[in-house]
Amino acid sequence: MDNSPPPPSALNNFRVLYLVTQLVGITIIILVSSWIGIHLNGLGWTSNPAIQFNWHPLLMSVGMIFLYGNSILIYRGFRYARKKPLKITHASIHGAAFVFTVVALIAVFDSHNLATPRPIPNMYTLHSWVGLSAVLLFSLQYVFGFAAYLFPGVREQLRASYMPVHVFFGVAGFVMAIAASLLGLLEKAIFTIPNYAALPPQAVLINTIGLLFIVYGGLVVFLVTERQYKRHPLPEDVMLLTHSSSTGTS
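Quick caveat: nothing in here was measured; it's all calculated off a predicted structure.

Calculation criteria
- Along each chain, residues carry numbers from 1 onward, in the same order as the chain's sequence is written.
- Since the coordinates come from a predicted model, pLDDT governs what is reported: local features require at least 70, and pairs of side-chain atoms require 80 or more to be given and counted, while whole-chain, interface and lining totals use all residues.
- Hydrogens and water are ignored here; the side-chain numbers use all heavy atoms of the structure.
- Secondary structure counts use DSSP, requiring at least four H or I residues in a row for a helix and at least two E residues in a row for a strand, with both numbered from the N terminus.
- Residue burial is assigned from relative accessible area. The probe radius is 1.4 Å, only protein chains are included, and a residue is buried under 20% of its type maximum, exposed over 50%, and partly exposed in between.
- Two residues qualify as a contact provided that any one of their heavy atoms is within 4.5 Å of a heavy atom in the partner residue.
- Where accessible areas are quoted, they stem from the Shrake-Rupley method and a 1.4 Å probe; at the residue level, only the protein chains shown are allowed to cover.
- Confidence of the predictor at the level of single residues is given by pLDDT, which spans 0 to 100.
- Patch membership is restricted to residues that have no salt bridge and whose relative accessible area is over 30%. Joining uses 9 Å for like charges and 5 Å for the nonpolar side chains Val, Leu, Ile, Met, Phe, Trp and Tyr.
- The term salt bridge refers to a pairing of a side-chain nitrogen on Lys or Arg with a carboxyl oxygen on Asp or Glu at a separation within 4 Å.

J.: Describe in detail the overall build of the protein, supporting the description with residues and values.
T.: Regarding its fold elements, the protein presents eight helices and zero strands. Secondary structure of the protein in N-to-C order comes out as α-α-α-α-α-α-α-α. In terms of principal-axis extent, the alpha carbons of the protein reach across some 70 × 40 × 25 Å. Going through the 250 residues of the protein one by one, you find that 44% of them count as buried. Across the protein, contacts joining residues at least 24 apart in sequence account for 75% of those joining residues at least 6 apart. A total of about 13,600 Å² of accessible surface is found on the protein, and carbon and sulfur atoms cover 73% of it.

J.: If you had to explain the confidence of the model for the protein to someone new, which residues and values would you point to?
T.: On average, residues of the protein score 89 in pLDDT, and 90% of them are at 70 or above. Per-element averaging of pLDDT across the protein places helix H8 (residues 235-249) at the bottom with 48 and helix H7 (residues 201-225) at the top with 97. Across residues 238-250, where pLDDT falls below 50, the model places five contacts with residues more than four positions away in sequence or in other chains.

J.: So, a nonpolar patch on the surface: which residues are in play, and what are the values?
T.: A surface patch of nonpolar side chains, amounting to about 460 Å² of accessible area, comprises Trp-45, Phe-98, Val-99, Val-102, Val-103 and Ile-106. Position of Ile-106 relative to the elements: it lies in helix H4 (residues 83-113).

J.: An account of unusual backbone geometry is requested, with residue identities and associated values reported.
T.: A cis amide bond links Thr-116 to the next residue, Pro-117, at an omega of 5°. Secondary-structure assignment places Pro-117 in the loop between H4 and helix H5 (126-149). For Asn-41, which is not a glycine, the phi torsion comes out positive at approximately 70°. Structurally, the position occupied by Asn-41 is in the loop between helix H1 (8-39) and helix H2 (49-52). A residue is classified by how much of its surface remains accessible, and Asn-41, at 61% relative accessible area, is exposed. Phi is positive for Leu-199, close to 55°, though the residue is something other than glycine. As for its position among the elements, Leu-199 is in the loop between helix H6 (156-192) and H7.

Right under this line is the structure:
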């Protein structure tokens, strides 16, 4: 296996694509916020369940899309930082995404259960099934990742053998989150825009957000799977790993 560092040209390409990815992610949050403020009457809580729903697309876009994507990219985006701080940062961003996701789920279930004159059914659409599956996979990834890489006493061989599984299901959960977001946008557009086929401004905005979800997801997956952009261990990481292995076998 080639452990040589990537050539400077590859790192330059990575920096450009990483910057573009961040700009696309920030643009998504701005556009989702604009959509909610202009077309969906802003934000509220249980006193107005219809508006309370609006927290769901906003917080899911921040948590399960933007933060999740950045958590995946943290090792490659900050390749010259030491491994242990990166692990803690990776787990912290995942934790923040989890909090946003929980509040987003509370908002959508409240908006359905408290709707008047009668409650709206839960968990019957493809969007809800794919979305909940993505959240469950994300949560399991967080638990198993924390146990494997931050819990003291786990053997390095076990961590190394689990790494491909962790990476695969991390990317799979992110792709599922992108798919759920696209389904959710389409569902909201069909339910709330009577003349969707005429492409009024709200429809154009929703479709644009959907395309940006695809661009952001594609960039994240490419940056995290392209072998040239892989983070290579720093000398202090190798020394720490060697010391950990010798301690564990002594």
